[in-house]
Amino acid sequence: MTTRAADRPDSAERLPGRDAPPEPAAPGLKSRHLLGIAGLGADEITLILDTAEAMKEIGGRAIKKVPTLRGRTVVNLFFEPSTRTRTSFEIAEKRLSADTLSIATATSSVTKGETLVDTVRNLEAMSPDMIVMRHASSGAPDLLARICRSAIINAGDGMHEHPTQALLDAFTIRSHKGRLAGLKVAIVGDLLHSRVLRSNVLLLQTMGADVWACGPATLIPPGLERLGARPTTSVEEAVEDADVVMLLRIQHERMQGHFIPSVREYFALFGMTPERVRRAREDVIVMHPGPMNRGVEIDSDVADGPYSVILEQVSNGVAVRMAVLYLLSGRDGRDDESLAEGR
Amino acid sequence: MNLLLKNGRVVDPANGRDGEFDVLIVDGAIARVGRDLPAEGAEVLEITRGWVVTPGLIDIHVHLREPGQEHKETVATGAASAVAGGFTAVACMPNTDPVNDHAGITQFILKKAAEAKLARVYPIGAVSLGSKGEQLAELGEQKAAGCVAFTDDGRPVATALLMRRALEYAGMLGVPIVNHCEDPSLKGDGVAHEGYHASALGLRGIPGVAESLMVERDVSLAELTGGHVHIAHMSARQSLRAVRAGKARGVNVTCEVAPHHFTLTDAALEGPPKYDTNLKMNPPLREAADRDAMLEGIADGSVDVIATDHAPHHADEKMLEFDRAPFGIVGLETAVPIVCDRLLHAGKISWGRFVELLSVNPARVFHLPGGSLSEGAPADVTVIAPDTRVTVSAAALKSKSKNTPFDGWELRGAVAATIVGGQVVYRHTAS
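Every chain is numbered independently, its residues counted from 1 as its sequence is written. Chain letters start at A and ligand numbers start at 1, both assigned in the order the entries are written. This being a predicted model, a pLDDT of at least 70 is required before a residue's local features are given, and a value of 80 or more before pairs of side-chain atoms are given or counted; all residues contribute to the totals for chains, interfaces and linings. Note that the side-chain values use all heavy atoms of the structure and ignore hydrogens as well as water.

## A closer look at the overall build of chain B
Helix and strand counts for chain B come out as 13 helices and 19 strands. The C-alpha atoms of chain B give 20 Å as radius of gyration, which agrees with the globular expectation for 431 residues (22 Å, within 12%). In terms of overall dimensions, chain B has C-alpha extents of about 65 × 50 × 40 Å along its principal axes. Per-residue accessibility, obtained with a 1.4 Å probe over protein chains only, is compared with the maximum for each type, and a residue is labelled buried under 20%, exposed over 50%, and partly exposed between these values. For chain B, the proportion of its 431 residues judged to be buried stands at 62%. Sequence-distant contacts in chain B: of pairs separated by 6 or more residues, those separated by 24 or more amount to 75%. Only DSSP runs of H or I with at least four residues qualify as helices, and only runs of E with at least two residues qualify as strands; both kinds are numbered from the N terminus onward. The atom set for the radius of gyration is the C-alpha atoms, and the globule formula is 2.2 Å times the number of residues raised to the power 0.38. When checking whether two residues touch, look at their non-hydrogen atoms; a contact exists if any pair is within 4.5 Å.

This is how it looks when you write it as structure tokens:
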């Protein structure tokens, strides 16, 4: 394996007291894109989580930066509002020394009627190395992957997948439980419209967890069992002896589709209260991908309770995204050895 | 010029014929069908052994896009696509721009078809003005101008009251109401069949019941009014059940199925490639149980007609996110190879049933001339080479649009020649 230019020992560029993260173990990730958890093997998931361990340490330093992606250009293309995910990717990119650029819908030419394909072809003409995309349409990253040279990272597409969220969730669970296999994970909320649900179910069942998915009958997608989760409308059954309770956001606009009568009733039937959490294992952790609706899917006493790891998820998001960016970098055969020499 | 089709296997169920016969065409009409007919100065077209001569195929569900969307298709390119697909006649849907809700538009379409001099084109008029579901269009004038049926296709006939009136009124005129059956509230903003694959791909689902609920409504209204309702592009097993029940009690209901609905299922959406917008159509590809029900209905006679729902869209329009791309695929040029390969050679239907589904019944349902090789009938004839292998090439389609999910498919069965009014308008060139 050739040494990556950016990782080569280079004292002038070394930051105080630190080495770059380890080389990815061969064979690394099979795909040059991260479009979803679907298609990732257990070994690849483990590789990403292990790499994230090394990345996490960087975030704890006084100078939180390594030169790994120096000279690489990453475009963050966000067609849907996002604070957490976009910030998390930006920080991850900056910690790896990538040149980053973020585009939000309001400032893009999409509002002028340009198609997604044209927008991205124009961006590609400026030779980015990676494109991180958030889009309201399921499958939009797959469309880009068919036409792009750049590595595509899915930062959430419609109701389809949000792979880095599931990875950071797995990272958080693993750091508390030491494993994923054999754990009972209860996911409660709007299952139907949630990309977080789909990515988490795929990841957790690949890793051998026992996944329960709970929500009102109106919000359970058909075929959920085949995806790898046990559907239930009983929050008590879902939470019983759970190692992990994960909540999903209930969007107020769901009332228009007659999915739920009111957020008040939703909270009464499904809201995660301290009483309900008590049915879980004593060492349960409670998670939420955000943004939270306090008093709808989660009681404030739970959100801020001792078992809540919600803010930890956010911290881990940076490390996991650094790992993904790193593992997908320089896999396009255009490794810039010569540019590094002339530096 | 007169024409003698020599030694083909003639399948003409309307006249009880299936065997080797000659067909003599004089002055654009069938003059005689018999054995060892003398040429009498007619040009002789020797039919290769094993090829089949049928009454001209008729597709009663196509979108020709003109006027208004000529970048997708025109009457001329659509007619060229039709004859290349073996269809001597097509009935075109009114969801043009403007909607065909006035005699002037019908006349314009007929004028374009006459100029193209390829397939016969029978316009279908809108049930309501602008297909908005608010006010009944002038069906009488439209019929006089040349419309053979009425529909608000692309949209369902909006209310039970409008459907009732349309059936009564069209019944008086002796023409059918064709309905795109879909309960709008259940369809919502769905883009794929509701089920496992839509769930896995995060696509909004449309349940089969969204279709069958309205089929049941329309069967009941046809029963009430005595009118004739024709169910367009039936896709759900529940709809087939409703049609069968209606037929069993004597309701004047007929139905059609499109080739993609008896060939593909929603599993195809998983790719590769995933989210192919050439698999997006309305009604959507449904699950295997529905596909199998359509095959069963075709085999047992519950399904009257195979119609393509030929829906051309420009490549740019399909090169979009799945939920933003338009519904529909082209179908005229792939229908015969698919029906041959998947139904005939698969042993699901006979040649007699083939001709019923693609010629006899389409003519009967819309009261069109054609559907037989009776002496004196217009000489619309399709010659099929059932054993010729074809590889579908989207780029080579005669249609202006190339939005087919069958690109690259290898199928056994090809159109050898298409004859309209005694003129050979298409001949297969061996590739």
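## A closer look at the interface of chain B and chain A
With 19 residues of chain B at the interface, the matching set in chain A holds 25 residues. A 1.4 Å probe defines the accessible area here, and the buried area is the portion of it lost by two parts on being joined, summed over both. For the pair chain B and chain A, the summed buried area comes to about 1800 Å², and 58% of that belongs to carbon and sulfur atoms. Salt bridge, as used here: a side-chain nitrogen of Lys or Arg that lies within 4 Å of a carboxyl oxygen of Asp or Glu. Applying the counting rule to chain B against chain A returns zero salt bridges. As used in this structure description, the phrase polar contact means that two N or O atoms lie within 3.5 Å; if the pair is within protein, one of them must be able to donate a hydrogen and the other to accept it, and residues adjacent in sequence are counted only when both atoms belong to side chains. In this structure, the connection of chain B to chain A is made through seven residue pairs in polar contact (both at pLDDT 80 or more). Residue classes in the side of chain B that touches chain A are distributed as nine nonpolar, four polar and six charged. For this scheme, ten residues count as nonpolar: Ala, Val, Leu, Ile, Met, Phe, Trp, Tyr, Cys and Pro. Four count as charged, namely Asp, Glu, Lys and Arg, and the remainder, Gly too, count as polar.

## Considering helix α12 (residues 310-328) of chain A
Under the convention used throughout, the expected extent of a helix is 1.5 Å for every residue step, that is, one less than its residue count. Given a rise of 1.5 Å per residue, 19 residues ought to cover 27 Å, and the 27 Å separating the end C-alpha atoms of α12(A) matches this to within 8%. At Asn316(A), α12(A) shows its maximal bend, which comes to roughly 25°. Here the bend at a residue is taken as the angle between two axes, fitted respectively to the seven residues that end there and the seven that start there.

## Some thoughts on the confidence of the model for chain B
In predicted models, pLDDT denotes the confidence assigned by the predictor to each residue on a 0 to 100 scale. Overall, the predicted model of chain B reaches an average pLDDT of 97, with 100% of residues at or above 70. As a predicted assembly, this complex carries a pTM of 0.92 together with an ipTM value of 0.92.

## Overview of unusual backbone geometry
What is expected of a backbone is that most residues other than glycine have negative phi and most peptide bonds are trans. Of note, the bond from Gly290(A) into Pro291(A) is cis; its omega dihedral lies within 30 degrees of zero at -10°. Mapped onto the secondary structure, Pro291(A) falls in the loop between β9 (285-287) and α11 (300-303). That bond from Glu66(B) to Pro67(B) is cis: its omega, 10°, falls within 30 degrees of zero. Relative to the assigned elements, Pro67(B) resides in the loop between β6 (57-62) and α1 (75-84). A positive phi angle, near 55°, is found at Ser127(A), a position not held by glycine.

## A closer look at the sheet that holds strand β7 (residues 87-92) of chain B
All names here are of chain B. In this description, strands pair whenever DSSP reports at least two bridges between them. Taken together, three strands build an open sheet; the order of strands is β6-β7-β8 and the sheet is parallel. A single partner strand is all that each edge strand has here, and the edge strands are β6 and β8 (120-123). Strand after strand, the sheet turns through a mean of 20° between neighbouring axes, direction not considered. Looking at chain direction, β7 and β8 are connected through four bridges and run parallel. Bridged to Val90 within β8 is Val121. Where helix α13 (residues 351-366) meets the sheet, its contacts fall on β6 and β7, and the angle it forms with β6 comes to roughly 65°. In this analysis, axes come from line fits to C-alpha atoms, helices being fitted only over the stretch in contact, and the angle between any two N-to-C directions falls in the range 0 to 180 degrees.

## Re the side chain of Ser194(A)
Residues and elements named next belong to chain A. Following the sequence through the fold, Ser194 ends up in the loop between β5 (184-188) and α6 (195-206). Take Ser194: its relative accessible area is 10%, and that puts it in the buried class. Of the polar contacts made by the side chain of Ser194, one reaches the backbone nitrogen of Val196; its length is 3.2 Å.

## Description of the environment of Gly271(A)
All names here are of chain A. Mapped onto the secondary structure, Gly271 falls in the loop between α9 (263-270) and α10 (274-277). Here the alpha-carbon distance between Gly271 and Arg294, two residues 23 residues apart in the chain, equals 9.4 Å. The residues touching Gly271, leaving out its near neighbours within four places in the chain, are Tyr266, Arg276, Val296 and Glu297.

## Side note on the sheet that holds β5(A)
Residues and elements named next belong to chain A. If you walk across this open sheet you meet the five strands as β7-β6-β5-β8-β9, and the pairing is parallel. Both edges of this open sheet fall to β7 (230-232) and β9, since each of them pairs with a single strand only. On average, adjacent strands in this sheet sit at an angle of 20° to one another, irrespective of strand direction. With five bridges joining them, β5 and strand β6 (residues 210-214) adopt parallel strand pairing. Counted as the bridge partner of Val188 is Cys214 from β6.

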